[in-house]
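# Report on the structure
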Amino acid sequence: MTAELDRAAELLAGADALLICAGAGMGVDSNLPDFRGDEGFWRAYPPYERLGLRFVELADPVHFAQDPELAWGFYGHRLALYRTTVPHDGFTVLAKWAARVPTRVFTSNVDGQFQRAGFPPEHVTEVHGSIHHLQCLHPCQTATWPADGLDVEVDPATMRAVGPLPRCPHCGSLARPNILMFGDTAWVPDRTRQRLDALTAWRRATRSRALAVVEIGAGTAVPTVRRQAELASAATGALIRINPREPAVRHGRGIPLAMGALAALSQLDARLAG
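Residues numbered from 1 in each chain as written. Predicted model: local features only at pLDDT ≥ 70, side-chain atom pairs only at ≥ 80, totals over all residues. Heavy atoms only, no water.

In this model, H138 is joined to P139 through a cis peptide bond whose omega is -10°. Mapped onto the secondary structure, P139 falls in the loop between β4 (129–136) and β5 (144–146). Residues other than glycine seldom take positive phi values, yet M159 does so here, at roughly 60°. With respect to the helices and strands, M159 occurs in the loop between β6 (153–155) and β7 (160–162). (Helix = DSSP H or I, 4+ residues; strand = E, 2+ residues; numbered from the N terminus.)

Written as structure tokens, this is what we have:
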């Protein structure tokens, strides 16, 4: 592992642009659940095991129409959790690197942790949307708005929302998080598309730079983040893949680090400082 860390640090030292591609594993060191398999999900949310409900079943927009208290119990609890979570020190390392070279973030996470860690919101592309933004359930129009001030009360025994639920300010219907869920045909993608377009423009503008791609905690089950990282590094192989379970790279096109996010980033930063 020492040799791989040395190679990765050398790659970063020679880079003059950085793309961070982060999956659910990025938040594990902040004690955020990554919902890896039913058992991992149920460890984070025991009431759902008693009810026999899996993550893929709860993350289905049909519940907002059929059982909104169930749906908002799950997402209301996650919203409160993400608001109170302090990003781990690995985020601080990345923010320090981002202060040295032009940097952008591409993430499948909806938790807003990069923004909490100080990354400019316009530099973060949340490909699956954000729990910190809402939209109309139907939707009545392609509008999204911040969830600032929203506090959904959740009964911890049943994980169901109690009290008033958020409403669309345009038509009065139920509101839902602006997150791409499973089988979701009503997600409003406009905010994400704008960020994707901006990321594409940034990549074109930095083609002449030595771009390093740091992929963190992105698995193969939903390979959106991996594909972005591999595409961005395809021409050069300048990919650092940080993943304790699935670190392998294709045909040697990258540097595998079989480590968690915080440990890998801390050791890389120590090498750069040295």
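Now, onward.
Attention now goes to empty space enclosed by the protein. Tallied over the entire structure, the rule returns one cavity of 30 Å³ or more. Taken as a whole, the largest cavity encloses approximately 30 Å³ of empty space. What lines the largest cavity is M26, G27, F91, T107, N109, D111 and F114. (1 Å grid on protein atoms, 1.4 Å probe; cavity = no way out; pocket = protein on both sides within 12 Å on 5 of 7 lines; lining within 4 Å. Points joined across faces, edges and corners; volume = space filled by probe spheres on them.)

Looking at where S130 falls in the secondary structure, it is placed in strand β4. For S130, a relative accessible area of 1% translates into the label buried. At a separation of 3.0 Å, a polar atom in the side chain of S130 contacts the main-chain amide nitrogen of H132. (Buried < 20%, exposed > 50% of the residue type's maximum accessible area, 1.4 Å probe, protein only. Polar contact = N/O pair within 3.5 Å; in protein donor to acceptor, adjacent residues only side chain to side chain.)

As a further point, take the pattern of salt bridges. On inspection of all chains with the given rule, the structure shows nine salt bridges. With a closest N to O distance of 2.7 Å, R176 and D184 form a salt bridge. D184 shares its class with R176; the two are buried. For E215, the salt bridge is made with R226, and the minimal N-O distance between the two is 3.5 Å. (Salt bridge = Lys/Arg side-chain N within 4 Å of Asp/Glu carboxyl O.)

The next thing to look at is the pairing of strand β8 (residues 175–179). Walk down a regular strand and you will see the side chains alternate between the two sheet faces. Counting buried residues along β8, five of its five residues qualify, which places the element largely inside the surrounding structure. In this structure, β4 lies alongside β8, joined through five bridges in antiparallel fashion. Bridge pairing in β8 links Q135 to R176. (Pairing = 2+ DSSP bridges.)

The geometry of an aromatic ring pair is captured by two quantities: the separation of the ring centres and the angle between the planes. Counting across every chain of the model gives 14 aromatic pairs. Ring centres of Y48 and F74 lie 5.8 Å apart, and the angle between their planes is 85°; on these two criteria the pair is classed as edge-to-face. Highlighted residues: Y48 in helix α3 (residues 46–51) and F74 in helix α6 (residues 68–84), separated in sequence by 26 residues. Accessibility classification places Y48 together with F74 in one group, the buried group. With a centroid separation of 5.4 Å and 80° between ring planes, the pair formed by F114 and F119 is classed as edge-to-face. Each member of the pair, F114 as well as F119, is classed as buried. Chaining the aromatic ring pairs together yields one cluster made of F41, Y45, Y48, F55, F64, W72, F74, Y75 and F182. (Phe/Tyr/Trp six-rings, centres within 6.5 Å; stacked < 30°, edge-to-face > 60°.)

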